[in-house]
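Fold and geometry: a report
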Amino acid sequence: IPRPPNAFMLFRSDCIARIKAQAAKDNRGEKRQQVLSRVAGEAWHLLAPEARLQWQEKAAKVFAEHQAKYPGYKFTP
């Protein structure tokens, strides 16, 4: 059972999808996950608190859906 994503993981997925879509339009761009993750991390740190709050709310919704789907789930590394 996969862990539910946190706010940053949701933001990162969205950010990378947008970067890849723009790169496909321009027919160029970065494809390495290492670089894309660094860009997403820098963008996350530059987000306004209100924007981060939106991602935290999305993460809480995804977490609630995960709990409903897997009621006895407990993360154990």
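Residues numbered from 1 in each chain as written. Predicted model: local features only at pLDDT ≥ 70, side-chain atom pairs only at ≥ 80, totals over all residues. Heavy atoms only, no water.

Points about helix α3 (residues 49-69)
Going by this rule: In this text, helices come from DSSP runs of H or I with a minimum length of four residues, and strands from runs of E with a minimum of two, each type numbered from the N-terminal end. In this analysis, the expected span of each helix is defined as 1.5 Å times one less than the number of residues it contains. Between buried and exposed lies partly exposed: a residue is buried under 20% and exposed over 50% of the maximum accessible area for its type, with that area taken using a 1.4 Å probe on protein chains only. Taking the helix axis as origin, the arc is that swept by the directions to the C-beta atoms. For this analysis, residues touch if any pair of their heavy atoms sits within 4.5 Å.
For α3, spanning 21 residues, the distance from its first C-alpha to its last is 30 Å, which sits close to the expected 30 Å at 1.5 Å a residue. What α3 keeps buried is the set Trp55, Ala59 and His66. Seen end-on, α3 carries its buried residues on one side only, within an arc spanning 45°. Seen from the buried face of α3, the exposed residues on the opposite side, beyond 90 degrees, are Pro49, Glu50, Lys61 and Ala68. Buried positions along α3 lie against α1 (7-26) and α2 (33-46).

Focus: the confidence of the model for the protein
How we decide: As a per-residue measure, pLDDT reflects the predictor's confidence and takes values from 0 up to 100.
Per-residue pLDDT for the protein has a mean of 90; in total, 96% of the residues score no lower than 70. Summarising per-element confidence for the protein, the mean pLDDT is lowest in α1 (87) and highest in α3 (96).

So, the side chain of His66
Counted only if it meets this: Whenever a nitrogen or oxygen atom comes within 3.5 Å of another N or O atom, the pair is scored as a polar contact, on the condition that within protein one atom can donate a hydrogen and the other can accept it, and that pairs from neighbouring residues in sequence are kept only if both atoms are in side chains.
Note that His66 resides in helix α3. In this structure the side chain of His66 is engaged in a polar contact, spanning 2.8 Å, whose partner is the backbone oxygen of Pro2. Setting aside residues no more than four positions away along its own chain, His66 makes contact with Ile1, Pro2, Arg3, Pro4 and Tyr73.

Here we look at the packing of α1 against α3
How we decide: Every axis in this analysis is a line fitted to C-alpha atoms, fitted for helices over the stretch in contact. Angles between the N-to-C directions lie between 0 and 180 degrees. Orientation is classified from the angle alone, with under 35 degrees giving roughly parallel, over 145 giving roughly antiparallel, 65 to 115 giving roughly perpendicular, and any other angle giving oblique. Throughout, the ten residues Ala, Val, Leu, Ile, Met, Phe, Trp, Tyr, Cys and Pro are labelled nonpolar, Asp, Glu, Lys and Arg are labelled charged, and all others, Gly among them, are labelled polar.
The interhelical angle for the contact between α1 and α3, taken along N-to-C directions, is 105°, at an axis separation of 8 Å. When the interaxial angle is binned, α1 and α3 end up roughly perpendicular. On α3, the residues touching Ala7, Leu10, Phe11 and Asp14 of α1 are Trp55, Gln56, Lys58, Ala59 and Val62. Classifying every residue of the contact of α1 with α3 by side-chain character gives six nonpolar, one polar and two charged.

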